[in-house]
Amino acid sequence: GYPVHRYKVAAFVLSAALAGLAGGLFAMSHQFVTLDALHWTTSGQAVVMVVLGGIGTLWGPILGAVILIPLSEFTRSYIGGSGSGVDLMLYGGLVMAVALLKPEGLIRLFAKKTRKPGPAR
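In this text the structure is predicted, and so the values were computed from the model without any measurement.

Colleague: Which parts of the structure should I look at to understand the confidence of the model for the chain?
Modeller: Keep in mind that low pLDDT regions are not for reading the predicted coordinates in detail. Per-residue confidence for the chain gives a mean pLDDT of 82; residues scoring 70 or more make up 82%. When the elements of the chain are averaged for pLDDT, helix H2 (residues 40-53) gives the smallest value, 80, and helix H1 (residues 4-30) the largest, 93.

Colleague: I'm lost on H1 in this one. Help?
Modeller: Residues lying three or four places apart along an α-helix face the same way, a consequence of the helix completing one turn every 3.6 residues. Relative to the 39 Å expected for 27 residues at 1.5 Å per residue, H1 spans 39 Å between its end C-alpha atoms, a close match to the ideal helical length. Positive phi appears at Gln-31, one or two residues downstream of H1, with a value of about 65°.

Colleague: How should I be thinking about the nonpolar core in this particular structure?
Modeller: Soluble globular proteins tend to bury their nonpolar side chains together. Grouped together as the largest cluster of nonpolar side chains are 8 residues: Met-49, Leu-52, Leu-63, Leu-68, Tyr-91, Val-98, Leu-106 and Ile-107. At the level of elements, H2, helix H3 (60-78) and helix H4 (86-101) are the ones that each hand at least two residues to this core.

Colleague: For this particular structure, what's the right way to read the pattern of salt bridges?
Modeller: Inspection of every chain in the model, using the stated rule, returns 1 salt bridge. Glu-104 is the partner of Lys-102 in a salt bridge, and the nearest nitrogen-oxygen pair spans 3.1 Å.

Rules and cut-offs
- Residues numbered from 1 in each chain as written.
- Predicted model: local features only at pLDDT ≥ 70, side-chain atom pairs only at ≥ 80, totals over all residues.
- Heavy atoms only, no water.
- pLDDT = per-residue confidence, 0-100.
- Helix = DSSP H or I, 4+ residues; strand = E, 2+ residues; numbered from the N terminus.
- Expected span 1.5 Å × (residues − 1).
- Core = buried A, V, L, I, M, F, W, Y, C linked by side-chain atoms within 4.5 Å.
- Buried < 20%, exposed > 50% of the residue type's maximum accessible area, 1.4 Å probe, protein only.
- Salt bridge = Lys/Arg side-chain N within 4 Å of Asp/Glu carboxyl O.

Quick look at the structure:
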């Protein structure tokens, strides 16, 4: 068999190294480090991107980011200026619609329709 424990540890180390690199670059670009540097909305938005685009796919989170970042900026600048929260309701409505109508993510809209071979008859 495969050395599963070794692969899991390697994946954990790689993800921790990438997170550390991202944190270091963030600190360098902002010239200071504080506990309040990242709000819960930043990590929450990253999770929403993954869920919206498609969990377990390579291009799903990228598609989610391509859709959600411009949408959130557009709604915040054109609709959210009044402070009524309409921009957040539209944003949440899109996420709920995708979760209900396409729970495997939007990336499946672009996936090739493959049929699994059934048992031989």
